[in-house]
Amino acid sequence: IGKVLSAEKVEDADKLIKLKIDFGNEKRQLVVGMAEFFKPDHFIGKELPVLMNLEPKTFSGIESHGMILAADINGKPVLLHPENEVPPGSIVR
């Protein structure tokens, strides 16, 4: 689980948002393709499950080090999050 510290729209990209996420022992940058559904400030402070054991990918020149897990309901993402606050870096099992 990571806690979103900052979020900003990627310039010249309609769907991309750059997130900085705290995982307790490290911070990572992720790029998510959810700008058509959420404003960047929607993510700030949220605790989200993230797949971290993926190879980095580059989107619009920005490297992404992980992928947020979300449910897909009729083509729209629904963010998943713990029902209670948990420490950044908590493991999802």
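Residues numbered from 1 in each chain as written. Predicted model: local features only at pLDDT ≥ 70, side-chain atom pairs only at ≥ 80, totals over all residues. Heavy atoms only, no water.

Explain the side chain of aspartate 22 residue by residue, including any values.
Among the secondary structure elements, aspartate 22 is positioned in strand E2 (residues 17-22). Comment: no salt bridge for buried aspartate 22; closest opposite-charge side chain is lysine 27, at 4.3 Å. A distance of 2.8 Å separates the side chain of aspartate 22 from the backbone nitrogen of glycine 24, its partner in a polar contact. In this view, aspartate 22 contacts Ile1, Gly2, Lys3, Leu5, Lys27 and Pro88; residues no more than four positions away in its chain are not counted. (Helix = DSSP H or I, 4+ residues; strand = E, 2+ residues; numbered from the N terminus. Buried < 20%, exposed > 50% of the residue type's maximum accessible area, 1.4 Å probe, protein only. Lys, Arg positive; Asp, Glu negative; His and termini not counted. Salt bridge = Lys/Arg side-chain N within 4 Å of Asp/Glu carboxyl O. Polar contact = N/O pair within 3.5 Å; in protein donor to acceptor, adjacent residues only side chain to side chain. Contact = heavy atoms within 4.5 Å.)

Provide a residue-level description of the nonpolar core, including the pertinent values.
Counting residues in hydrophobic clusters, the biggest one holds 16 residues, and the most contacted among them are Leu19, Phe43 and Ile68. If you list the elements that add at least two residues to this core, you get strand E1 (2-9), E2 and strand E3 (27-32). Broken down by element, this core gets its largest block of residues, three residues, from E2. Excluding anything up to four places from it in sequence, leucine 19 contacts Val4, Ser6, Ala7, Arg28, Gln29, Leu30, Val32, Phe43 and Ile68. Counting residues in hydrophobic clusters, the runner-up holds five residues, among them Val10, Ala13, Leu16 and Val31. (Core = buried A, V, L, I, M, F, W, Y, C linked by side-chain atoms within 4.5 Å.)

Now, about unusual backbone geometry: what can you tell me, with residues and values included?
Positive phi, close to 50 degrees, is recorded for serine 60, a residue that is not glycine. Structurally, serine 60 is set in the loop between strand E6 (57-59) and strand E7 (62-64). The phi torsion at asparagine 74 lies on the positive side, around 50 degrees, for a residue other than glycine. Its place among the elements puts asparagine 74 in the loop between strand E9 (70-73) and strand E10 (76-79).

Before we move on, could you go through the side chain of serine 64 and cite the residues and values that matter?
By the element assignment, serine 64 lies in strand E7. For serine 64, a relative accessible area of 2% corresponds to the buried category. A distance of 3.4 Å separates a polar atom in the side chain of serine 64 from the backbone oxygen of glycine 66. Residue contacts for serine 64: discarding those within four places in its chain leaves Gln29, Leu30, Val31, Pro56, Lys57 and Phe59.

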